[in-house]
Amino acid sequence: MRVSCLQENLARGLAVVGRAVATRSTLPQTTHVLLRTDGGRLRLAATNLEIAITSWVGAQVDEEGSITVPARLFTEFVNSLPNERIDLAIAPRARQLRLTCGRNEATISGADPSDFPPIPEVGDGPIARIDPEALRTGISQVEFAAATDDTRPVLTGVHTLLEEGVLTLAAADGFRLAVHRLPVEEAPGERIEIIVPARAMRELQRLLADEEDPVVFTVNETRSQALFRLRNVEMVAQLVQGTFPNYGQLIPQEHRTRAVLDLKEFLQETRRAAIFARDGSNIVRLHIEPAAEGAVGRLVVWARAEELGEHRGELDALVEGEPAKIAFNAKYLQDVLQVLDCSQVALETTSPTSPGVFRPVGLENYVHVVMPMFVQW
Amino acid sequence: MSDWGLIGQERAVRALSAALRQGRLPHAHLLVGPAHVGKGTLALRLAQAINCLAPVDERPCLACRQCRRIESFLHADLHLLTVEPGHREVRIAQVRELERALSLKPFEGRARVAIVDPADAMNLEAQNAFLKTLEEPPPDTVLVLVTCRETALLPTIRSRCRRIALGAVPVARLAAALAARGLSPEEAERLARWSEGRPGVALSLAADPELRQRREAEVERALSLPSLPLPRRLALADELAQLFTAPDGRDRQAEDAPPVPAPRFGERLWWVLDIWQSVWRDILLACAGPGAPIVNAERGAEIERLAAGLDTGRAAEALLAVWRVRRYLEDNVNPRLALEEMLLSLPEAGSPGRVA
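A brief report on the enclosed structure follows. (Residues numbered from 1 in each chain as written. Chains lettered and ligands numbered in written order. Predicted model: local features only at pLDDT ≥ 70, side-chain atom pairs only at ≥ 80, totals over all residues. Heavy atoms only, no water.)

## Looking at the overall build of chain A
Working step 1: Of regular secondary structure, chain A possesses six helices and 25 strands.
Working step 2: In terms of principal-axis extent, the alpha carbons of chain A reach across some 85 × 50 × 35 Å.
Working step 3: Scored against the burial criterion, the 377 residues of chain A give a buried share of 53%.
Working step 4: Long-range pairs, those at least 24 residues apart, make up 67% of the contacts in chain A between residues at least 6 apart in sequence. (Helix = DSSP H or I, 4+ residues; strand = E, 2+ residues; numbered from the N terminus. Buried < 20%, exposed > 50% of the residue type's maximum accessible area, 1.4 Å probe, protein only. Contact = heavy atoms within 4.5 Å.)

Structure representation (structure tokens):
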């Protein structure tokens, strides 16, 4: 192999695939990064067997070839080099990468690229094209609701359903459920239902930050991997085994009280209450009071810490229905309010013991259900 | 490959390949049997057979990409749960890590295969944590537990696995297999006999001339034990106790090397005790009368001479002492005390009243 490229480009490519390098692994190859010539480009790839990221770097290829080298060492070294031309070479039949840049010359011991885990590429499977910004928002609004412990592995993933031109992302951890729907620009004829690890979704979200072109999304034949193709980058997520709970029935269809609140004010009050709630089982109590004579409707946010003190704040609310009270975990409240991208949020409740529903006002694409905390009123 | 490239163990191979062909392979297996008879190899072959790309009847072909990657422990769907270098046990954190890996769909093969070898190295917490996975493994997952100390596993673990027993291979069968692998008939016969029907031992002896020399030296030492004065026996016990707890050398392995199953704890001492046991059994057989097939036939004359100075009861006691120390060591008795006990109960040459 003989390849030349710019330090800046190589460093950027390595930073992208570096997110998929295994830090500690039983398979030593997964701490390596794969370098392979691919047409007029240099292909970099890394995998921790949960996600795989491939990135292409513009390069001048004089001779085809491939090798894997320890990712940390290689990345750190490339980052330390000046932004000049880097020449990479592997002597025939050798397992050593020779790197020259300016007045620096290095050799790095590598390994047989055929030992590297096979990284799938987007094949001929059914593909969908999704707007990157919409997908990023969708992921950000559901991924935090996925379970972080492994007692029920399906809940550590984001349920991803592509049906009739709509992509539905859902995550739940037993206490809350987040569902986001977004239209796709181009949809395959068939239905795709998979569970993508939340960690993989977070990586995808990160990769989508600067994307402008639609993201290509597909699954492999055995439905064990999902592939996302971006400009110059591909990410493969290893899917979670099992069946996601049927969450549709968990979303209350009716409510007795509906309060429309200013999102910023509500989040602000919740944060204040959380300071006190921290020392009191994280409980934040909400009282919804409909408009009465001479007064507009309001929401009272109340938190107390035993022996420390308490806080009570209120904000205006447009209330429909009966007065209501309900208590939530302060963290869950903040989590959902933080990711919403709208000016008003609606809170729907039925009773202090049934789930509360949060919906952005004016947008039909998101619903968030939170189990209340059982408290003495 | 109908024998799965194994020496002997036809029954185990038949059972597994039939289950595979009929598509009703149990999800958890427990491979039991003495050390070095092929349990680890069988576990690997099963992983290969499950993922092999060849037609069903030819699996495992040992030639396709899947088979080769599994053979060298490079396959992403092969999970090895074993004692990590610097530890004595398989810990609960490792079990949890495995569970996490198994919760994802297979990466490059048909199914994920987790091999737990040695399964008896799992401590109590690890075994209990593993129960959940054994009870209800994710789809496309096969678990293979490998042990030569079945009783060290919880009954709840054992009852959740399909038990497959492997045994020593008849010496003639092993000799034929070794000859087929290119050894001269004499050498094949000798190594088959020395290894007492354990293919793993025979193959490592065949591969390593230095190991063969070390074995001969160890036989020599076993034969000279009766004439070893008591103070020297105590020193020897100390030396062997250190051998028992010495690191197994895996910490010096290259960082890039793929993981392999850890040897049993104290493997070097087990190796020595295996040889001593074979020598003392030879002596007991010689006491019982001429013509018995002895393992260390090359030293027949010395074995006869030692046997002549002992009655059968004394020889049996000596053999029992060697067996006993193995039990003690497995049960965590202080190694030096256990080894002293054994060495002091071995007969003394020329001591009146002790050697008949």
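Having put the structure on the table, let's press on.
## Concerning the pattern of salt bridges
Residue and element names in this part refer to chain B.
Working step 1: Scanning all chains against the criterion turns up 52 salt bridges over all chains.
Working step 2: Its salt-bridge partner being Glu187, residue Arg190 comes within 2.6 Å of it at the nearest N-O pair. Taken together, the residues Arg190 and Glu187, both in helix 8 (residues 185-194) and three residues apart, mark about one turn of the helix. No difference in accessibility class separates Arg190 from Glu187, as the two residues are buried.
Working step 3: Across the pair Glu196 and Arg281 runs a salt bridge, and its minimum N-O distance is 2.3 Å. Here Glu196, found in the loop between helix 8 and helix 9 (199-207), pairs with Arg281, found in helix 12 (residues 267-288); they are 85 residues apart in sequence, far enough to count as distant.
Working step 4: Relative accessible area serves as the criterion here: at 25%, Arg281 is assigned to the partly exposed category.
Working step 5: The network of salt bridges with common partners includes Glu196, Arg198, Asp274, Arg281 and Arg326. (Salt bridge = Lys/Arg side-chain N within 4 Å of Asp/Glu carboxyl O.)

## So, the interface of chain A and chain B
Working step 1: In this complex, chain A contributes 26 residues to the contact, which on the side of chain B involves 26 residues.
Working step 2: In this assembly, chain A packs against chain B so that about 2,200 Å² is buried in total across both faces, 51% of it on carbon and sulfur atoms.
Working step 3: At the junction of chain A with chain B, the criterion picks out one salt bridge.
Working step 4: Run the count over chain A and chain B and you get 11 residue pairs in polar contact (both at pLDDT 80 or more).
Working step 5: The residue inventory of the side of chain A that touches chain B, partitioned by class, reads 10 nonpolar, 10 polar and six charged. (Buried area = accessible area lost by both parts, 1.4 Å probe. Polar contact = N/O pair within 3.5 Å; in protein donor to acceptor, adjacent residues only side chain to side chain. Nonpolar A, V, L, I, M, F, W, Y, C, P; charged D, E, K, R; others polar.)

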